[in-house]
Amino acid sequence: MRQRLYAEFLAEADRQILQSMKEKISDTTSFYEITRKFSEIELLSSSDVCAAAKSICDHVIGSHAAEEKARANFYELKQSFIRHARKEIANYEK
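This report concerns the structure included in the present document. (Residues numbered from 1 in each chain as written. Predicted model: local features only at pLDDT ≥ 70, side-chain atom pairs only at ≥ 80, totals over all residues. Heavy atoms only, no water.)

When helices and strands are counted, the protein shows four helices and zero strands. Computed over the C-alpha atoms, the radius of gyration of the protein is 13 Å, within 12% of the 12 Å expected from 2.2 N^0.38 for a compact globule of 94 residues. Once the C-alpha set of the protein is aligned to its principal axes, its extents read approximately 45 × 25 × 20 Å. Buried positions account for 38% of the 94 residues belonging to the protein. Summarising the internal contacts of the protein: among those between residues at least 6 apart in sequence, 71% fall at separations of at least 24. Total accessible area on the protein stands at roughly 6,000 Å², and carbon and sulfur atoms take up 54% of it. Each charge sign in the protein was given a centre, from 15 positive and 15 negative side chains, and these centres are 4 Å apart. (Helix = DSSP H or I, 4+ residues; strand = E, 2+ residues; numbered from the N terminus. Rg over C-alpha atoms; globule rule 2.2 N^0.38 Å. Buried < 20%, exposed > 50% of the residue type's maximum accessible area, 1.4 Å probe, protein only. Contact = heavy atoms within 4.5 Å. Areas by Shrake-Rupley, 256 points an atom, 1.4 Å probe, with all protein chains shown as cover. Lys, Arg positive; Asp, Glu negative; His and termini not counted. Charge placed at Lys NZ, Arg CZ, Asp CG, Glu CD.)

Right, let's get into the pattern of salt bridges. One pass over the full model with this rule turns up nine salt bridges. For Glu 88, the salt bridge goes to Arg 2, with nearest N and O atoms at 3.2 Å. One end of the pair, Glu 88, is in helix α4 (residues 74–93); the other, Arg 2, is in helix α1 (residues 2–22), and 86 residues separate them in sequence. Under the relative-accessibility criterion, Glu 88 is labelled buried at 6%. (Salt bridge = Lys/Arg side-chain N within 4 Å of Asp/Glu carboxyl O.)

If you want it as structure tokens, here you go:
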């Protein structure tokens, strides 16, 4: 279940980042899917996974700002989330 949730969260983050390169979204309801998945992660996951997911959400939403500020590299944020998620999943499989 966690693997599915984490994979869907990352897929939505990727989709939103790619969309921000094409056009900026001003309608906040467009972020419903990623924030819904983040809420699920908050309920189920460790604080490390939650913090990494929050960094991704902040980056995704910020990438749609009209005046985009220089922020962390999305790839690095994604790799951090994956590391924490894999560690968490491995602990549950023991």
